[in-house]
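Letter by letter, the chains look like this.
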Amino acid sequence: MRFDIFCHVVDNYGDIGVCWRLVKRLAQTHFTSSDHFTALEKDHFRLFCDYPDLIEKIAGDEGLREMLSHGVEILPWHSTNQSLSDEFFPDVVIETFSCTLPPDYLSKVKEFGKPLIINVEYLSAEPWTISAHGMPSPPIQLGDALRYFYYPGFSKDSGGLLQGKLPSVDEHSTYIPRSLDQIWRTLRPPSEAKKVCIFTYGAEKLTQLLDQMQASNLPIDALICGENALHTSHAWLEEELSQPKNRQFLRLIPMPFIPQDDFDWLLHACDMNFVRGEDSFVRAQWAGKPFVWDIYPQTDGAHINKLNAFLEIYLKNATPAGKNAALAAMQWEEFSHWWPALHTMTQHAIMWRQELMKSQMNGDLAIRLRDFILEKLKKG
């Protein structure tokens, strides 16, 4: 079975992180074992992206080699002009996040035939996405291809969440990813300091958080990830953050770019995580640790509705203390107001992960998407 998947990068790591994880999960899902395709066929996945170098960084060398063996090919966006032929015409085209397919590619799609086109949208807990999930968008002009909208979500009626293999991190584990080994051995022991991963959009909110962490006089190792957070940390320190810097009991550690799987491990290993794009937002939940979602701001304020919709389901079964602390953290209130409740927040994060596991009993996003695709192809 042949797939063409398109990713236009808006927020570097969120968009491409989701797309790469989706490709990995689809490549592990075995479409060819279905009744629609014979077991002799091999699945093939072509990922077109305007920043293919980002995919290579996120995947890492081992990840790239593994996916190559699963029939995954990474291609630059402009190569779509020569990508369609009688020998390779996709059964399924996946647009991610409503990216617009290249005009030349669309013209050739009309010329060679009409594959199944699915637009995998952004994740949201907003109720309206359930009614829109799986619905077709009628062609605007005669000859246009039919599109189906696929909405990831938290409920059994949604498109589900990307899951995949979860890292195993506990106090008895000795495994440390190679990309983190040198840094990890320089951190203070868990009994001496808490580890906080900071992967945010930076700016004023992060500056205030660093002020408040320093003023708390609590031992915290803050692992600063990504250009935005590093830039803000440089400005806050008033000097370059090229190596760990201490400000009283607060220690800032500049983090190198690490592969996606290693970043998953990092989220599991930290005591608290600040995350931003959709991929790290979901992985923070699978980590079962307290987190703050630095949601991407939109000019029309739509991100507020999206955040509130998530908080409504995330905190539905929280204790009053856990709910108050989590809300204070998510709303970037004074650090000292919610940090003392970290243990309570951790208990809730573990419970929420268990709820997510139950909601994915009928398959994660990749499995549900596979079943959706096979159903549409059978109807033909």
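If you're wondering where the values come from, they're calculated on a predicted model, not measured in any experiment. (Residues numbered from 1 in each chain as written. Predicted model: local features only at pLDDT ≥ 70, side-chain atom pairs only at ≥ 80, totals over all residues. Heavy atoms only, no water.)

**Let's talk about the overall build of the protein chain**
Then, in step 1: Helices and strands together make up the secondary structure of the protein chain, namely 14 helices and 13 strands.
Then, in step 2: Taken over the C-alpha trace, the protein chain has a radius of gyration of 22 Å; the compact-globule value for 380 residues is 21 Å, and the two agree within 12%.
Then, in step 3: Considering only C-alpha atoms, the protein chain reaches an extent of 65 × 40 × 40 Å along its principal axes.
Then, in step 4: Relative to its 380 residues, the protein chain shows a buried fraction of 55%.
Then, in step 5: Long-range contacts, defined here as pairs at least 24 residues apart, represent 73% of the contacts in the protein chain between residues at least 6 apart.
Then, in step 6: With an accessible surface of roughly 17,900 Å², the protein chain has 52% of that area assigned to carbon and sulfur atoms. (Helix = DSSP H or I, 4+ residues; strand = E, 2+ residues; numbered from the N terminus. Rg over C-alpha atoms; globule rule 2.2 N^0.38 Å. Buried < 20%, exposed > 50% of the residue type's maximum accessible area, 1.4 Å probe, protein only. Contact = heavy atoms within 4.5 Å. Areas by Shrake-Rupley, 256 points an atom, 1.4 Å probe, with all protein chains shown as cover.)

**As for the confidence of the model for the protein chain**
Then, in step 1: In the predicted model, the protein chain carries a mean pLDDT of 89, and the fraction of residues at 70 or more is 91%.
Then, in step 2: Long-range and interchain partners of residues 33-40, a stretch whose pLDDT sits below 50, account for ten contacts in this model, where long-range means more than four residues apart. (pLDDT = per-residue confidence, 0-100.)

**Quick notes on helix 9 (residues 278-287)**
The periodicity of an α-helix, 3.6 residues per turn, causes residues three or four positions apart to be oriented the same way.
Then, in step 1: Burial analysis of helix 9 places ten of its ten residues in the buried class, which makes it a mostly covered element.
Then, in step 2: Listing the buried residues of helix 9 in full gives E278, D279, S280, F281, V282, R283, A284, Q285, W286 and A287.
Then, in step 3: The first or second residue beyond helix 9 is G288, which carries a positive phi of 70 degrees.

**Things to note about the packing of helix 10 (residues 302-314) against helix 13 (residues 342-359)**
Then, in step 1: At a closest axis distance of 11 Å, the pairing of helix 10 and helix 13 adopts a crossing angle of 90 degrees. With respect to helix 13, the axis of helix 10 lies roughly perpendicular. Contacts between helix 10 and helix 13 pair F310, I313 and Y314 from the former with H348, A349 and W352 from the latter. (Axes fitted to C-alpha atoms, helices over the stretch in contact; angles between N-to-C directions. Parallel < 35°, antiparallel > 145°, perpendicular 65-115°, else oblique.)

**So, the sheet that holds strand 1 (residues 2-7)**
Then, in step 1: Read from one edge to the other, the open sheet built from seven strands follows the order 3-2-1-4-5-7-6, with strand pairing classed as mixed. In the strand order of this sheet, the two ends are held by strand 3 (72-76) and strand 6 (136-137), each with one partner.
Then, in step 2: Direction of pairing for strand 5 (residues 116-120) relative to strand 7 (residues 147-150): parallel, over a ladder of four bridges. When the bridges of strand 7 are listed, N119 appears paired with F149. (Pairing = 2+ DSSP bridges.)

**Description of the sheet that holds strand 9 (residues 220-224)**
Then, in step 1: Overall, mixed pairing links the six strands, which are arranged 10-11-9-8-12-13 in an open sheet. Only two strands of the sheet have a single partner each, and these edge strands are strand 10 (245-247) and strand 13 (291-293). The mean angle between the axes of side-by-side strands here comes to 15 degrees, regardless of whether they run parallel or antiparallel.
Then, in step 2: Of the pairings in the sheet, the one linking strand 9 to strand 11 (residues 250-254) comprises five bridges and is parallel in character. Paired with I224 across the two strands is P254, which belongs to strand 11.
Then, in step 3: Where helix 8 (residues 260-269) meets the sheet, its contacts fall on strand 8 (194-198), strand 9 and strand 12 (272-275), and the angle it forms with strand 8 comes to roughly 135 degrees.

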